[in-house]
Amino acid sequence: MPDPSAVENAFAVFADLREEGRELDSLVGDLPAPDWARPTPAPGWSLAHQIAHLHWTDRASLLALTDATAFAGLVEEALKAPDSFVDAGAEEGAALAPAELLARWRAGRGALDEALAAASPDTRFPWYGPPMKAASMASARLMETWAHGQDVADALGVRRVPTARLRHVARIGVRARDYAYAVRGLPAPAGEFRVELTAPGTGAEVWTYGPEDAPQRVTGPAHDFCLLVTQRVHRADLALTASGPDADRWLDIAQAFAGPAGPGRTPGASL
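Basis of the calculations
Position numbers for residues count from 1 along each chain, tracking the sequence in the order it is written. Where local features are concerned, this predicted model is filtered to residues with pLDDT of at least 70; where side-chain atom pairs are given and counted, the filter is 80 or more; whole-chain, interface and lining totals use all residues. Heavy atoms throughout the structure, all of them, feed into the side-chain values; hydrogens and water do not. Numbering of helices and strands runs from the N terminus; a helix is a DSSP stretch of H or I covering at least four residues, while a strand is a stretch of E covering at least two. Just to be clear, the radius of gyration here is over C-alpha atoms, and the globule rule we use is 2.2 Å times residues to the power 0.38. Only protein chains enter the accessibility calculation, which uses a 1.4 Å probe; a residue is then buried when its area is under 20% of its type maximum, exposed when over 50%, and partly exposed in between. We call two residues contacting when some pair of their heavy atoms lies within 4.5 Å. Ring pairs are drawn from Phe, Tyr and Trp, using the six-membered ring of Trp, whenever the two centres fall within 6.5 Å, and their geometry is named by plane angle: stacked under 30 degrees, edge-to-face over 60, tilted for the rest. Definition used in this section: a nonpolar core is a set of buried Ala, Val, Leu, Ile, Met, Phe, Trp, Tyr and Cys residues joined via side-chain atoms within 4.5 Å. Basic side-chain nitrogens of Lys or Arg form a salt bridge, by our definition, when they fall within 4 Å of a carboxyl oxygen of Asp or Glu. Fitted lines through C-alpha atoms serve as axes, helices being fitted only where they are in contact, and the angles separating the N-to-C directions of these axes extend from 0 to 180 degrees. An angle below 35 degrees is read as roughly parallel, one above 145 as roughly antiparallel, one from 65 to 115 as roughly perpendicular, and any other as oblique. Two helices that cross are described as forming a left-handed crossing if the nearer one is turned anticlockwise from the farther one by less than a right angle, and a right-handed crossing if clockwise. For this scheme, ten residues count as nonpolar: Ala, Val, Leu, Ile, Met, Phe, Trp, Tyr, Cys and Pro. Four count as charged, namely Asp, Glu, Lys and Arg, and the remainder, Gly too, count as polar. When DSSP finds two or more bridges between two strands, those strands count as paired.

**What about the overall build of the protein chain?**
Then step 1. Within the protein chain, the secondary structure is distributed over ten helices and six strands.
Then step 2. A compact globule built from 271 residues should have a C-alpha radius of gyration of about 18 Å, and the protein chain, at 18 Å, falls within 12% of that.
Then step 3. With respect to the three principal axes, the spread of C-alpha positions in the protein chain is 50 × 50 × 40 Å.
Then step 4. Taken over 271 residues, the protein chain has a buried fraction of 44%.
Then step 5. Long-range pairs, those at least 24 residues apart, make up 67% of the contacts in the protein chain with a sequence separation of at least 6.

Next up, the structure:
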């Protein structure tokens, strides 16, 4: 029998994912069709590319949950073109009429939400990396929705209000520490780091990770940490502090997303 607390936590993540999608939808849902061609901070990607990428990944997630054979076909396609399959998926969706792309993205979000709710909370589903439980898949989708939503907001000149939903992004960023080293062919530091992040809002809540007495530490606003690990803002433009050489190095390479390390953003390029 599934752990009731695990089920409750999973449904909380699913609700946060729905809300993150709604927030992004509110930015693009009423845009005139020509505005979908606006460039975003991601080189070569318009607003349409951002939404198309999210729709493409939502579809992949849906197949992972509901049709392992079809998902395996997507993995085979990715292995044939590891450096271009993400851009190709975004390009295909961006070529659609904006109204059609918006409708497909909305329908895909709804279908994924239903599949997540129906999934066994203890089952691990296939993915491009290690298999994931439904709650972890939802957290990853929330992270991507928030990150690509930041590109959309920057392109539109909109300042979004950070929310407690960022705890999912922050957690992924902390857990992906060693991956950031591995994807660059670097050895990961021994031992855990202490990470202390001030949560969004006016309260004094702090999200903490790692041993309290760890000598390597990172502190600062949770919003800034999330912008860093999704590579939406250069470290120099953020109020994050590293104590210790290993923690300092990590802030230069941190990433919460799977796949090759990107070039990141240049100082002063965002926000």
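**Thoughts on the packing of aromatic side chains**
Then step 1. Under the criterion given, the structure shown has nine aromatic pairs.
Then step 2. Ring geometry for Trp56 and Phe85: centres 5.7 Å apart, planes at 55 degrees, overall tilted. A residue pair is termed long-range when its members are at least 10 positions apart, and Trp56 in helix α2 (residues 47–66) and Phe85 in helix α4 (residues 85–94) qualify at 29 residues.
Then step 3. Judged by its relative accessible area of 18%, Trp56 is buried.
Then step 4. Three or more aromatic residues joined by ring pairs form one cluster here, namely Trp56, Phe71, Phe85, Trp127 and Tyr128.

**What about the environment of Ala94?**
Then step 1. Among the secondary structure elements, Ala94 is positioned in helix α4.
Then step 2. Along the primary structure Ala94 and Leu197 are separated by 103 residues, whereas in three dimensions their C-alpha atoms are 36 Å apart.

**Re the nonpolar core**
Then step 1. Judged by nonpolar contacts, the single largest core of 53 residues is most densely connected at Leu65, Leu116, Val169, Phe225 and Trp250.
Then step 2. It is helix α6 (residues 134–156) that contributes the most residues to this core, seven residues altogether.
Then step 3. Residues in contact with Phe225, not counting those within four places in the same chain, are Ala170, Gly173, Val174, Leu197, Leu240 and Trp250.

**Observations regarding the pattern of salt bridges**
Pairing between side chains of opposite charge can happen when their charged atoms approach one another.
Then step 1. A full pass over the atoms with the stated rule returns 19 salt bridges.
Then step 2. Where Arg109 meets Asp25, a salt bridge forms, and the shortest distance between an N and an O atom there is 2.8 Å. Note that Arg109 is positioned in helix α5 (residues 98–118) and Asp25 in helix α1 (residues 4–28), a separation of 84 residues in sequence.
Then step 3. Relative accessible area serves as the criterion here: at 11%, Asp25 is assigned to the buried category.

**A word on the packing of helix α7 (residues 166–175) against helix α9 (residues 222–229)**
Then step 1. Across the interface, α7 lies against α9 with an axial gap of 9 Å and an inter-helix angle of 55 degrees. What the angle tells us is that α7 and α9 run oblique. Once α7 is placed against α9, the crossing between them reads as left-handed. Along the contact surface, α7 presents Leu166, Val169, Ala170, Gly173 and Val174, while α9 presents His223, Phe225, Cys226 and Val229.
Then step 2. Looking at the contact of α7 with α9 residue by residue, the class counts come to seven nonpolar, two polar and no charged.

**Details of α9**
Then step 1. Judged by how many residues are buried, α9 sits mostly within the fold: seven of eight residues are covered.
Then step 2. Within α9, burial applies to Ala222, Asp224, Phe225, Cys226, Leu227, Leu228 and Val229.
Then step 3. Where the residues of α9 are buried, they touch α6, α7, β3 (194–198), β4 (206–209), β5 (217–221) and α10 (245–253).
Then step 4. Two residues or fewer after α9 comes Gln231, characterised by a positive phi angle close to 55 degrees.

**Here we look at the sheet that holds β5**
Then step 1. An order of β4-β3-β5-β6 is seen for the four strands of this open sheet, with the pairing classed as mixed. Sheet topology places β4 and β6 (241–243) at the edges, where each strand pairs with a single neighbour. Between one strand axis and the next, the sheet turns through 10 degrees on average, direction left out of account.
Then step 2. Bridge analysis of β5 against β6 gives three bridges, and the strand direction is antiparallel. When the sheet's bridge partners are listed, Arg217 is paired in β6 with Ser243.

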